[in-house]
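Okay, here's what each chain looks like letter by letter:
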Amino acid sequence: MRYAMLAGETGDWTIDAIRPVRGAPLGEAPRLQVVEAERADGLPAQWRLDGVVSNIRYATAHEAAALRARQEGLGRPEARRAVLIPIAKSAAWWALAQDERRAIFEETSHHTAIGMEYLPAVARRLYHGRDLGEPFDFLTWFEFAAGDTPAFDALVARLRASAEWTYVEREVEVRLSRP
Ligand code: HEM
């Protein structure tokens, strides 16, 4: 399923801050909504980013089962904070073979192992944009309770210090809240 993130005047989420982490930023806007892409056509927006929810690439059967056992879904009433982090990786990353990417992602960077420490507090969804010709390869989306913000910040700092992130060439952090 293809979704669109629309930043503009309407949406359930208030945009509290847009912070460029690496590369070109995104423009300021007051609100954000996530809608099915076909419903987004023609809606006014300051910017729009699309992604599809796709199959897993790197997780092993064992990791996928561990994730399923621990992760919570989106839309929990207590999860009043969200973060959208669009990410593009470099040509060097995409030139690697699947097994080389997996090795950097997990055996070297421990992405899933680190992320698992923050479940179930943080709920997540990964959207893929690369094959749609979008500016970002990934739209990563996270939801958590306001009190879990420091833990989320620590998680992001750990991932950004990993070998995987040396292949990130554009990254923007969009901080969101809802009442
Ligand atoms: C909340 C804890 C987290 C867990 C449990 C987690 C887990 C995972 C897993 C299992 C995958 C691989 C999916 C596959 O097999 O295709 C993945 C991919 C990814 N995650 Fe996370 N993650 C977490 C947090 C984060 C955060 C905070 C960021 C951004 C700062 C992030 C960015 C990404 C990106 C960009 C990918 C795609 C990587 C690629 O395909 O090259 N993740 N994550």
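Up top you'll find the structure we're talking about.
Sequence positions are assigned chain by chain, starting from 1 and proceeding in written order. Thresholds applied to this predicted model are a pLDDT of at least 70 for local features of residues and 80 or more for the giving and counting of side-chain atom pairs; totals over whole chains, interfaces and linings are not thresholded and use all residues. Computation of side-chain values: all heavy atoms of the structure, hydrogens and water removed.

Student: Report on the environment of Arg170, specifying residues and quantitative values.
Tutor: Helix and strand definitions here come from DSSP, where helices need a minimum of 4 consecutive H or I residues and strands a minimum of 2 consecutive E residues; each element is numbered from the N-terminal end. Of note, Arg170 is situated in strand 8 (residues 168-177). Note on Arg170: relative accessible area 18%, which makes it buried. Remark: the alpha-carbon pair of Arg170 and Ala61, spanning 109 residues in sequence, is separated by 30 Å. The term polar contact refers here to a pair of N or O atoms within 3.5 Å; inside protein, the definition further demands a hydrogen-donor-capable atom paired with an acceptor-capable atom, and it admits residues adjacent in sequence only when both atoms are side-chain atoms. Only 2.8 Å separates the side chain of Arg170 from the backbone oxygen of Ala24, close enough to count as a polar contact. One polar contact links the side chain of Arg170 to the main-chain carbonyl oxygen of Pro25, over a distance of 3.1 Å. Throughout, exposure labels follow a simple rule: accessible area from a 1.4 Å probe, protein chains only, divided by the maximum for the residue type, with under 20% read as buried, over 50% as exposed, and the rest as partly exposed.

Student: Just give me the short version of the site of the ligand, but keep the residues and values in it.
Tutor: If you check the shell around the ligand, you find 25 residues, and the closest are Arg57, Tyr58, Ala59, Lys89 and His111. Taking Tyr58, its main chain carries an N or O atom lying 2.7 Å from an oxygen atom of the ligand. One nitrogen or oxygen atom from the side chain of Arg124 is found 3.4 Å from a nitrogen atom belonging to the ligand. Elements with a contribution of two residues or more to the shell around the ligand: strand 5 (81-89), helix 5 (111-116), strand 6 (123-128), strand 7 (138-144) and helix 6 (149-160). Here the shell around the ligand takes four residues from helix 5, the largest share from any one element. Residues are sorted three ways: Asp, Glu, Lys and Arg are charged, Ala, Val, Leu, Ile, Met, Phe, Trp, Tyr, Cys and Pro are nonpolar, and all the rest, Gly among them, are polar. Classifying every residue of the shell around the ligand by side-chain character gives 17 nonpolar, four polar and four charged. The cutoff for a nearby residue is simple: one of its non-hydrogen atoms must lie within 4 Å of the molecule or strand.

Any link to function would need more than the numbers given here.
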